[in-house]
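Single-letter residue listing:
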Amino acid sequence: MTAHQSRRPTIAAACILALAGAFAAGPALAQSDAPAAGQAAAKDAPRTYSPEILSLAQQAIDASQSVAGFDEILPRVAEQTKALYVRSNPLLASDIDAVTNEVALSLAPQRRELDRTLEEVWANRFSADELKEIIAFYQSPVGKKLAQLSPEIVALSIGAAKQWQDKIATEMMTQVRIALQKKGHKL
């Protein structure tokens with residue numbers, strides 16, 4: 001195995017974990033890390049991408065299965081919308097359901113906007129050769145396994161990080177309280 005080949009799992013794993021981390025952090029990351037968010041926005045400033053690089057980006061996205069959960073965004077939003085309107089006027093539940101379903105179906109073609117944005121995100125961060133490597137990796141048995149297990153791995157990783165954060169927060173609160181009490185402060 002060449003050094004070039006041994007990089008493949010690292011590149012692929014980094015892609016999955018970076019995307020998962022970004023989506024797990026969501027709005028909290030955007031609010032807490034404004035300078036970094038600004039830099040990311042600058043990095044994603046409008047650019048023109050060749051059809052080849054966008055196609056490779058989409059193939060890498062598909063092969064990695066890294067955005068499979070995004071297919072549930074519109075149905076989730078529709079269900080949330082229904083619930084909100086039904087709570088405010090339960091007598092209209094049937095009409096609310098029908099109208100929300102109609103609107104959801106009319107909005108479905110807009111999913112291509114998200115796909116295009118994701119293609120550009122990948123195209124902006126990887127060269128054509130790197131995208132080809134990612135695709136090749138995800139077509140390998142271990143790549144297919146990583147793609148299949150990534151949602152579970154990411155969920156478990158996020159859970160572990162949350163547990164660790166809670167543990168550290170408790171420990172920090174305790175140690176700070178003890179240190180302040182040693183200085184004669186009553187808490």
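Note that residues are indexed from 1 along each chain, following the sequence as it is written. Side-chain atom pairs in this predicted model are given and counted only at pLDDT of 80 or more, local residue features only at pLDDT of at least 70, and totals for whole chains, interfaces and linings cover all residues. Note that the side-chain values use all heavy atoms of the structure and ignore hydrogens as well as water.

Peer 1: For this particular structure, what's the right way to read the overall build of the protein chain?
Peer 2: A count of helices and strands for the protein chain gives nine helices and zero strands. Working definition: helices are DSSP H or I runs of at least four residues, strands are E runs of at least two. Numbering for both runs from the N terminus. Along its sequence from the N terminus, the protein chain presents helices and strands in the succession α-α-α-α-α-α-α-α-α. Across the 187 residues in the protein chain, those meeting the buried criterion constitute 22%. A contact between two residues is defined here by any heavy atoms of the two lying within 4.5 Å. For the protein chain, restricting intrachain contacts to residue pairs at least 6 apart in sequence, the fraction spanning at least 24 positions comes to 78%. To measure how exposed things are, a 1.4 Å probe is used in the Shrake-Rupley method; for residues, cover is taken only from the protein chains shown. Counting every atom, the protein chain has about 12900 Å² of accessible surface; 62% of that belongs to carbon and sulfur. Under the scheme applied here, a residue whose accessible area is under 20% of the maximum for its type counts as buried, over 50% as exposed, and between as partly exposed, the area being computed with a 1.4 Å probe on protein chains only.

Peer 1: Any chance you could explain the packing of aromatic side chains here in plain terms?
Peer 2: Centre distance and the angle of the planes are the two values used to describe a pair of aromatic rings. Pairing of aromatic rings covers Phe, Tyr and the six-membered ring of Trp, with a centre-to-centre limit of 6.5 Å; geometry is then stacked below 30 degrees between planes, edge-to-face above 60, and tilted otherwise. On inspection of all chains with the given rule, the structure shows two aromatic pairs. Both rings, one in W122 and one in F126, keep their centres 5.7 Å apart while their planes meet at 45°; by these two values the pair is tilted. Exposure remark for W122: the relative accessible area of 3% places this residue in the buried category. Plain terms: the ring middles of F137 and Y138 are 5.1 Å apart, the flat faces sit at 70° to each other, and that makes the pair edge-to-face. For Y138, a relative accessible area of 2% gives the class buried.

Peer 1: Would you take a moment to explain the pattern of salt bridges for this structure?
Peer 2: Pairing is possible between side chains that carry opposite charge, provided their charged atoms lie close to one another. The rule for a salt bridge is simple: a side-chain nitrogen of Lys or Arg has to be within 4 Å of a carboxyl oxygen of Asp or Glu. By the definition in use, this model includes seven salt bridges. K82 is paired through a salt bridge with D97; the nearest N and O atoms lie 2.8 Å apart. With K82 in helix 5 (residues 73-88) and D97 in helix 6 (residues 93-107), this residue pair connects regions lying 15 residues apart in the sequence. We classify D97 as partly exposed; its relative accessible area is 33%. For D115, the salt bridge goes to R111, with nearest N and O atoms at 2.9 Å. Separated by four residues within a single helix, D115 and R111 lie in helix 7 (residues 111-125), roughly one turn from each other. Under the relative-accessibility criterion, D115 is labelled buried at 18%.

Peer 1: Explain the nonpolar core to me, please; I cannot follow it from the model alone.
Peer 2: Across soluble globular proteins, nonpolar side chains have a tendency to be buried as a group. In terms of nonpolar packing, the biggest core is built from 21 residues, with I53, A60, W122, A123, L131, I134 and Y138 touching the most fellow members. Put simply, the parts of the chain that give this core at least two residues each are helix 4 (51-64), helix 7, helix 8 (128-139) and helix 9 (141-182). Among the elements that line this core, the one with the most residues is helix 4, at seven residues. Here, the term nonpolar core denotes a set of buried Ala, Val, Leu, Ile, Met, Phe, Trp, Tyr and Cys residues that are joined through side-chain atoms within 4.5 Å.

Peer 1: Just checking my understanding: could you explain the confidence of the model for the protein chain for this structure?
Peer 2: As a note on interpretation, predicted positions should not be read in detail where pLDDT is low. pLDDT is a per-residue confidence score from the predictor, ranging from 0 to 100. With 76% of its residues at a pLDDT of 70 or more, the protein chain shows a mean pLDDT of 83. The secondary structure element of the protein chain with the lowest average pLDDT is helix 2 (residues 8-32), at 42, and the one with the highest is helix 8, at 98. Below a pLDDT of 50 lies the segment residues 1-35, which in the model reaches 31 contacts outside its immediate sequence neighbourhood of four places, other chains included.

Peer 1: Where do I start with unusual backbone geometry in this structure?
Peer 2: The phi torsion of most residues other than glycine is negative, and most of the peptide bonds are trans. If you check the backbone angles, Q65 has positive phi at about 55° while not being a glycine. Summarising the element assignment, Q65 is placed in the loop between helix 4 and helix 5. With a relative accessible area of 43%, Q65 lands in the partly exposed category.

Peer 1: I keep staring at the environment of A98 and nothing clicks. Help me out?
Peer 2: Mapped onto the elements, A98 comes out in helix 6. For the pair A98 and K82, spaced 16 residues apart in sequence, the C-alpha separation works out to 9.4 Å.

Peer 1: Sorry, what's going on with the environment of S150 here?
Peer 2: Locating S150 in the fold gives a position in helix 9. Judged by relative accessible area, which is 5%, S150 ranks as buried. Each C-alpha atom of the pair S150 and Q65 lies 8.4 Å from the other, and the pair is 85 residues apart in sequence.

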